[in-house]
Amino acid sequence: MTFKLGLTGSIGMGKSTTAKLFAEEGCDVWDADAAVHRLYSKGGLAVEPLRHLLPEAIEDGAVSRENLKTLLKSDPNLLKEIERIVHPLVAQDRAECLEHTKADICVLDIPLLFETGSDKSMDATICVTVDLDIQKARVLERGTMTEDQLDTILANQMPDEEKRARADFVITTDTLEHARAQVQDIVSQIRASLNHA
Ligand SMILES: CC(C)(COP(=O)(O)OP(=O)(O)OC[C@H]1O[C@@H](n2cnc3c(N)ncnc32)[C@H](O)[C@@H]1O)[C@@H](O)C(=O)NCCC(=O)NCCS
Ligand SMILES: Nc1ncnc2c1ncn2[C@@H]1O[C@H](COP(=O)(O)OP(=O)(O)OP(=O)(O)O)[C@@H](O)[C@H]1O
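This structure is a prediction, so every number in the text was calculated from the model and none was measured.

Student: Account for the side chain of Lys15, naming residues and giving values.
Tutor: Within the fold, Lys15 resides in helix H1 (residues 15–24). Residue contacts for Lys15: discarding those within four places in its chain leaves Leu7, Thr8, Gly9, Ser10, Asp109, Pro111 and Val128.

So, in structure tokens, the structure goes:
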């Protein structure tokens, strides 16, 4: 049985970077955002159900994120309807991955781990965190969104403080070396508990 380790954190807090550090320690990694990209691509399982709900969102047989964002701008309530279609498909993709993994620990990188209740099916949870000003600077540095857009996303996510309080482990992503040391410590603790089980 694979140990299911749920990894979350607010936007730009360092989920993908930390997941790579777990992979370096021999853990398997499943990424919810990557699953959504697969589901939205041509032939992906979310295309037909979303076409039914929002025909304007589909372009060349795939879900257009730009079109979705335009639709969401005029009706933010649509997000809940999109989530109702997408989240069960994401859960199915995750279950298939867990069926095939051979690693002792599988890290599941899930931005909305607590919001979707997926934490309940994990063996342990981790929240990655860093000071809010560093988080904002890192996200804005990418040049992919304005501060207003970032604030809208933050308003749709559970506050960092609440995520930290709920998680079994917290990793501070101030430097790569510090994060790596925390990852190694968590992996050692879990492997020790698996060996004693
Ligand atoms: C709204 C969409 C079109 C924006 O796409 P885009 O490529 O611009 O951004 P991306 O997906 O990388 O998300 C940007 C940030 O918003 C966050 N975010 C995405 N969806 C949600 C959501 N439903 N609630 C809160 N935050 C969200 C992401 O975690 C990330 O931090 C897209 O995120 C989407 O279709 N979301 C609905 C499906 C979903 O819930 N995905 C979350 C992972 S399971
Ligand atoms: N431990 C760390 N030390 C220094 N910089 C880091 C660390 N972790 C992440 N970063 C930097 O912070 C930024 C965001 O990291 P990353 O892309 O891993 O976050 P994310 O939580 O996966 O983002 P998103 O929510 O958008 O998917 C990147 O520029 C990355 O290089």
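Student: Go over the site of ligand 2, please, and point to the residues and values.
Tutor: Residues in contact with ligand 2 amount to 16 residues; listed here are only the nearest, Gly12, Lys15, Ser16, Thr17 and Arg142. At a separation of 2.8 Å, an oxygen atom of ligand 2 approaches a polar side-chain atom of Lys15. Between Thr175 and ligand 2, the recorded distance is 3.1 Å, taken from a backbone N or O atom to a nitrogen atom. Contact with the protein chains hides 74% of the accessible area of ligand 2, taken as 630 Å² for the molecule alone. For the shell around ligand 2, the secondary-structure elements that each account for two or more residues are H1 and helix H9 (176–196). Among the elements that make up the shell around ligand 2, the one with the highest residue count is H1 (three residues). Taken together, the residues that form the shell around ligand 2 break down as four nonpolar, seven polar and five charged.

Student: An account of the UniProt feature "binding site: ATP" (unreviewed entry) in the protein chain is needed here, citing residue identities and associated values.
Tutor: UniProt tags Gly12, Met13, Gly14, Lys15, Ser16 and Thr17 as "binding site: ATP" (unreviewed entry). Note that Gly12 resides in the loop between strand S1 (3–8) and H1. Dropping the residues within four chain positions of it, Gly12 is found in contact with Arg138, Val139 and Arg142. Its location among the elements puts Ser16 in helix H1. Accessibility expressed as a relative area gives 43% for Ser16, which makes it partly exposed.

Student: How would you explain the packing of H1 against H9 if you had to name every residue and give the values?
Tutor: Relative orientation of the contacting elements H1 and H9 amounts to 50 degrees, with a least axis distance of 10 Å. With respect to H9, the element H1 is oriented oblique. In the crossing of H1 with H9, the sense of the turn from one axis to the other is right-handed. Residues Thr17, Thr18, Leu21, Phe22 and Glu24 of H1 touch H9, and the partners they reach there are Leu176, Ala179, Arg180, Val183, Ile186 and Val187. For the contact of H1 with H9, the per-class residue count stands at seven nonpolar, two polar and two charged.

Student: Run through helix H5 (residues 78–100), naming residues and quoting values.
Tutor: Taking 1.5 Å per residue as the helical rise, H5 with its 23 residues ought to reach 33 Å, and the 34 Å between its terminal C-alpha atoms agrees with that figure. Residues of H5 that are buried include every one of Leu78, Ile82, Glu83, Ile85, Val86, Leu89, Val90, Asp93 and Arg94, and no others. Where H5 is buried, its residues contact strand S2 (28–31), helix H2 (32–40), helix H3 (47–53), helix H4 (65–74) and strand S5 (105–109).

Student: Just give me the short version of the domain arrangement of the protein chain, but keep the residues and values in it.
Tutor: By domain assignment, the protein chain separates into domain 1 (1–27 + 105–197) and domain 2 (33–102). Here the C-alpha centroids of domain 1 and domain 2 sit 23 Å apart. Each side of the interface is counted separately: domain 1 has twelve residues, and domain 2 has seven residues. Interface area, domain 1 with domain 2, both sides summed: about 700 Å², of which 65% is carbon and sulfur. On the domain 1 side of the contact with domain 2, Thr2, Cys106 and Leu108 bury the most area, a combined 36% of that side's loss. Joining domain 1 to domain 2, the criterion identifies zero salt bridges. Where domain 1 meets domain 2, there are two residue pairs in polar contact (both at pLDDT 80 or more). Of the residues contributing to the side of domain 1 that touches domain 2, the split by class is six nonpolar, five polar and one charged.

How each quantity is defined
Residues numbered from 1 in each chain as written. Chains lettered and ligands numbered in written order. Predicted model: local features only at pLDDT ≥ 70, side-chain atom pairs only at ≥ 80, totals over all residues. Heavy atoms only, no water. Helix = DSSP H or I, 4+ residues; strand = E, 2+ residues; numbered from the N terminus. Contact = heavy atoms within 4.5 Å. Near = heavy atom within 4 Å. Polar contact = N/O pair within 3.5 Å; in protein donor to acceptor, adjacent residues only side chain to side chain. Areas by Shrake-Rupley, 256 points an atom, 1.4 Å probe, with all protein chains shown as cover. Nonpolar A, V, L, I, M, F, W, Y, C, P; charged D, E, K, R; others polar. UniProt positions renumbered as here; feature names shortened; annotations may be inferred. Buried < 20%, exposed > 50% of the residue type's maximum accessible area, 1.4 Å probe, protein only. Axes fitted to C-alpha atoms, helices over the stretch in contact; angles between N-to-C directions. Parallel < 35°, antiparallel > 145°, perpendicular 65-115°, else oblique. Left-handed = near helix turned anticlockwise from the far one by under 90°. Expected span 1.5 Å × (residues − 1). Domains from an automatic or database assignment. Buried area = accessible area lost by both parts, 1.4 Å probe. Salt bridge = Lys/Arg side-chain N within 4 Å of Asp/Glu carboxyl O.

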